[in-house]
Amino acid sequence: MAKFLGKPQAAVGLRRRVLEAAEKFRRAHAPLTPERMAKAIGVDIELTKLSGDGMLDPSGKRVLISRDQPPRRQRFTLAHEVVHFLIRSDDELLSELHEWYQGEDLEAELESLCNVGAAEMLLPREIVAARLSKRGVAPRLVPDLAESHQVSEEVAAIALAERSSTPLMIVIAGAKPLRVFFSARSSGFRAQLPRGKMIEREHPLSIVYDTGLDYSGQATLPGGFRVYSLEAYPRAGRVYALFREMPS
Ligand SMILES: [Zn+2]
């Protein structure tokens with residue numbers, strides 16, 4: 001029981017350690033070109049056909065990256081694999097992780113930590129904090145930050161969710177019929193939204209997509225029941241959205 005009660009603190013501690021490791025790596029190896037990142041952990045990059053985004057080759061000598069991704073997304077995938085490597089080489093962090101998480105939970109937490117670390121490498125906290133201090137978090141910051149700092153929109157979404165002062169989920173959606181491309185949530189936001197999830201035609205996100213008009217109001221997550229406050233913003237064939245828990 002005591003262990004259960006301590007889990008949120010453990011999760012915060014793990015995130016902090018991964019952020020520190022990512023920051024240290026960035027300072028030591030900047031500018032983080034793909035070549036410099038790979039060299040720093042002693043691997044070669046191989047662009048290849050993959051079902052997923054990327055993986056560390058079991059031999060530990062190569063990082064395989066999906067060749068079908070755009071270059072910014074490949075750089076993010078590589079940074080994600082670098083964080084896997086950093087976590088794997090940190091015995092203390094590893095044992096902490098295994099103490100609190102098992103099975104699917106462990107996988108999910110590890111993937112989320114690697115995303116948070118990768119975002120920190122490519123889009124430092126100071127930059128995101130400076131942007132948030134001006135007008136707070138807004139959906140349009142996802143494409144804006146991605147463009148101004150030449151990172152993928154996934155990186156921008158993760159960094160913004162991580163730095164937000166209130167728990168929220170950021171969703172990037174697109175295609176027809178509309179579906180979830182990516183979602184990132186702050187550690188306090190409870191619900192999840194898997195990639196590829198279809199969005200109902202009558203959902204406000206579909207209406208934003210169809211009309212090209214901003215939305216600010218209430219909505220459930222696609223396929224969900226619980227009501228959140230929602231801000232959504234359409235741009236260039238995509239919809240960027242912020243879901244926040246309603247004050248209870
Ligand atoms: Zn991973």
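Details of the structure are given in the entry above.
To start, this report covers the structure provided alongside it. (Residues numbered from 1 in each chain as written. Predicted model: local features only at pLDDT ≥ 70, side-chain atom pairs only at ≥ 80, totals over all residues. Heavy atoms only, no water.)

Re the coordination of the zinc ion
Looking at the metal site, the zinc ion is ligated by His80 (NE2), His84 (NE2), Glu111 (OE) and Glu111 (OE), spaced 2.1 to 2.6 Å from it. Around the zinc ion sit 4 donor atoms; with metal-centred angles ranging over 53 to 128°, the donor geometry is irregular. Of note, the donors binding the zinc ion are all from one chain and are spaced H-x3-H-x26-E. Here the residue His80 and the residue His84 both occupy positions in helix 3 (residues 71–88), the gap between them amounting to 4 residues, near one helical turn. The same class applies to His80 and to His84, which are both buried. (Donors = N, O, S within 2.8 Å, 3.2 Å for Na, K, Ca; no water. Tetrahedral: all angles 85-135°; square planar, octahedral: opposite > 155°, others 65-115°. Helix = DSSP H or I, 4+ residues; strand = E, 2+ residues; numbered from the N terminus. Buried < 20%, exposed > 50% of the residue type's maximum accessible area, 1.4 Å probe, protein only.)

Considering the layout of surface pockets
Looking at the largest pocket, its volume works out to about 1300 Å³. If you go around the largest pocket, you meet 39 residues; those closest to its centre are Ala108, Glu111, Ser112, Arg185 and Gln192. When contributions to the lining of the largest pocket are tallied by element, the ones reaching two or more residues are helix 1 (2–29), strand 2 (54–56), helix 3, helix 5 (103–122), helix 8 (153–163) and strand 5 (179–185). If you tally residues by element for the lining of the largest pocket, the top one is helix 5, at 7 residues. Looking at the lining of the largest pocket, its residues break down into 16 nonpolar, 11 polar and 12 charged. Shared between two domains, the lining of the largest pocket takes at least three residues from each, and those domains are domain 1 (2–122) and domain 2 (127–245). Along the wall of the second largest pocket there are 15 residues; nearest its centre are Pro70, Arg73, Glu154, Phe181 and Arg238. Listed by contribution, the elements that provide at least two residues to the lining of the second largest pocket are helix 3 and helix 8. In terms of residue class, the lining of the second largest pocket is made up of 4 nonpolar, 4 polar and 7 charged. Looking at which domains feed residues into the lining of the second largest pocket, each of domain 1 (2–122) and domain 2 (127–245) gives three or more. (1 Å grid on protein atoms, 1.4 Å probe; cavity = no way out; pocket = protein on both sides within 12 Å on 5 of 7 lines; lining within 4 Å. Points joined across faces, edges and corners; volume = space filled by probe spheres on them. Nonpolar A, V, L, I, M, F, W, Y, C, P; charged D, E, K, R; others polar. Domains from an automatic or database assignment.)

Some remarks on the pairing of strand 3 (residues 62–66)
Burial within strand 3 is extensive, with 4 of its 5 residues counted as buried. Two strands pair when backbone bridges link them, and strand 1 (residues 44–48) and strand 3 are joined in this way by 5 bridges, in the parallel orientation. In the sheet register, Thr48 faces strand 3, and the bridge partner there is Ser66. Two strands pair when backbone bridges link them, and strand 2 and strand 3 are joined in this way by 3 bridges, in the antiparallel orientation. Directly across from Met55, in strand 3, lies its bridge partner Leu64. (Pairing = 2+ DSSP bridges.)

Looking at the packing of aromatic side chains
Applying the stated criterion across every chain, the model contains 3 aromatic pairs. Ring centres of Tyr228 and Phe243 lie 6.3 Å apart, and the angle between their planes is 85°; on these two criteria the pair is classed as edge-to-face. With a gap of 15 residues between them, Tyr228 in strand 7 (residues 227–235) and Phe243 in strand 8 (residues 238–245) connect regions that are remote in the sequence. With respect to class, Tyr228 is no different from Phe243; both count as buried. One aromatic cluster in this structure is built from Phe189, Tyr228 and Phe243. (Phe/Tyr/Trp six-rings, centres within 6.5 Å; stacked < 30°, edge-to-face > 60°.)

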